[in-house]
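Architecture at a glance
Below, each chain spelled out in residue letters.
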Number of protein chains: 2
Amino acid sequence: MSDADDEIMNAVARALRSHGYADLTMQDIADESSKSKSLLHYHYDTKADLLVAFLDDLLTEYEQRIECRADQPPEQRIVDFLARFVFTPADDEREAFHLALLEMRSQGPFNDRIQTQLERSDRLLRETLAEIITDGIDDGTFEQVDPDRTAALLVAALDGARTRQITLGEANELSLDKNSVTYTRATVEELLAQIVEPILAEGGTLPDLDTTLAELDRED
Amino acid sequence: MSDADDEIMNAVARALRSHGYADLTMQDIADESSKSKSLLHYHYDTKADLLVAFLDDLLTEYEQRIECRADQPPEQRIVDFLARFVFTPADDEREAFHLALLEMRSQGPFNDRIQTQLERSDRLLRETLAEIITDGIDDGTFEQVDPDRTAALLVAALDGARTRQITLGEANELSLDKNSVTYTRATVEELLAQIVEPILAEGGTLPDLDTTLAELDRED
């Protein structure tokens, strides 16, 4: 991806955060970049074309980030995967961004090209997780489980936690064990304790979530 | 709720299914009912007022349905709770309705009254589940677990499965064990097997999912 494309995609992300999906205009995106609206239209016929290119870019970037950590052992890769879904209480920009994506997702059934990207995203997430679990079964890290079924469950739980995180406002801070925990963090902690820990082969231990979050933070 | 209110709420549901949330007008709702647009405005100042009343009604109805089965044992109540989230491949109207709700949810952070209803919904779901689990711990059905944490995990997973079910189009049918299973059904099966079964006290068994689905179907 060229520097120019990169700049446009960053402008789309900023414009989505500020305006949401439904009300977004090409002018809003142009306002966030050094490009004119007519130049944007020269590269991307319609707003829909630009947003589909944006989703495509987002998924490609996600694929690359996952590949960067592919040399880690399976138990670290699965904690990485889950940790990327944790929002801290201060993640306001990230919440605004995912809220716009949620709006866009609700248009999937009415727009074939958006839906194609949503399907690609779903497949990517489930296949990445299934591959981590399969690698872990093969090298003795995990017990025998159905990788595809476990992957679907984890993806559903992470997706639901994120949706509640971004739509609930201040109520996305849950009071658990007398502590305040974000919805995504609570869910990831429970998935690790109730789904991932139980499939660890005897004697195995999971990497610490906070240590992993700090490592991912340094890489971004 | 009066018959007139009931009729209006049914009209809102139909209008949401046909038009989605963002583009919905008071006229669309009037077109689905025997009331005029001006009569709707007499009872509800704005579209937002009517939609908030609709959410309120939806939650109250859900509370009542849960209470109807409150005399069942905890293991049946938890399977009931999960089973209500299963979509069959033919649930097109239900998918359209929840898609409109998803669109509405993405507006939560911009509309205090919608957000208040979302918070009420989240609390209702988590508290209902936590109560079932607590009752089950008290009467020896379930092992000792943290009811609030398990409830948050189950609600997140059910929510995410539903969002993927309604946004993915035909890709919401997952190929698992060489069978085709809806995203919601796959998730509910895994939650039962991986979260609920493991907390059953020794010798306990879970009610069958298909039998439960048939029972709920008869009651609706």
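Anyway, here's the lowdown on the structure attached to this text. (Residues numbered from 1 in each chain as written. Chains lettered and ligands numbered in written order. Predicted model: local features only at pLDDT ≥ 70, side-chain atom pairs only at ≥ 80, totals over all residues. Heavy atoms only, no water.)

Moving on to the interface of chain A and chain B. Contacts between the two partners involve 46 residues from chain A and, on the opposite side, 46 residues from chain B. Carbon and sulfur atoms make up 56% of the surface buried where chain A meets chain B, a total of about 3900 Å² over both sides. For the interface between chain A and chain B, the tally reads eight salt bridges. With its nearest N and O atoms 2.9 Å apart, the salt bridge here joins A:Glu189 to B:Arg149. Linking chain A with chain B are 16 residue pairs in polar contact (both at pLDDT 80 or more), by the criterion used here. Those elements that place two or more of their residues in the side of chain A that touches chain B are α6 (92-105), α7 (112-138), α8 (147-167), β1 (173-176) and α9 (183-199) of chain A. Ranked by the residues each element gives to the side of chain A that touches chain B, the list is headed by α8(A), at 15 residues. For the side of chain A that touches chain B, the per-class residue count stands at 22 nonpolar, 11 polar and 13 charged. (Contact = heavy atoms within 4.5 Å. Buried area = accessible area lost by both parts, 1.4 Å probe. Salt bridge = Lys/Arg side-chain N within 4 Å of Asp/Glu carboxyl O. Polar contact = N/O pair within 3.5 Å; in protein donor to acceptor, adjacent residues only side chain to side chain. Helix = DSSP H or I, 4+ residues; strand = E, 2+ residues; numbered from the N terminus. Nonpolar A, V, L, I, M, F, W, Y, C, P; charged D, E, K, R; others polar.)

What follows concerns the pattern of salt bridges. This model, assessed by the stated rule, comprises 38 salt bridges over all chains. Between B:Arg113 and B:Asp49 there is a salt bridge, and its shortest N-O distance comes to 2.4 Å. Of this pair, B:Arg113 sits in helix α7 (residues 112-138) while B:Asp49 is found in helix α4 (residues 47-68), placing the two residues 64 residues apart along the sequence. Residue B:Arg113 is classed as partly exposed on the basis of its relative accessible area of 40%. Residues B:Arg162 and B:Asp159 are paired through a salt bridge, measuring 3.7 Å at the closest nitrogen-oxygen approach. A residue pair is termed a helical-turn pair when its members lie 3 or 4 positions apart in one helix, as B:Arg162 and B:Asp159 do in helix α8 (residues 147-167) at three residues. When sorted by exposure, B:Arg162 lands in the same class as B:Asp159, which is buried. Residues joined by salt bridges that share partners form a network here, namely A:Arg105, A:Asp122, A:Arg126, A:Asp159, A:Arg162 and B:Arg164. (Buried < 20%, exposed > 50% of the residue type's maximum accessible area, 1.4 Å probe, protein only.)

Turning our eyes to something else, we now look at the pairing of strand β2 (residues 179-182) of chain A. Residues and elements named next belong to chain A. With four bridges connecting them, β1 and β2 associate as antiparallel partners. Opposite leucine 174, over in β2, you have valine 181 as the bridge partner. Where β1 folds back onto β2 in an antiparallel hairpin, the turn is made up of two residues, including aspartate 177, whose phi is positive at roughly 45°. (Pairing = 2+ DSSP bridges.)

Under the definition given, this model contains four aromatic pairs over all chains. Across from the ring centre of A:Phe87, 4.0 Å away, lies the NZ or CZ of A:Arg94, which sits over that ring. A cation over a ring is seen here: B:Lys47 above B:Tyr21, with NZ or CZ 5.2 Å from the ring centre. (Phe/Tyr/Trp six-rings, centres within 6.5 Å; stacked < 30°, edge-to-face > 60°. Lys NZ or Arg CZ within 6 Å of the ring centre and 35° of its normal.)

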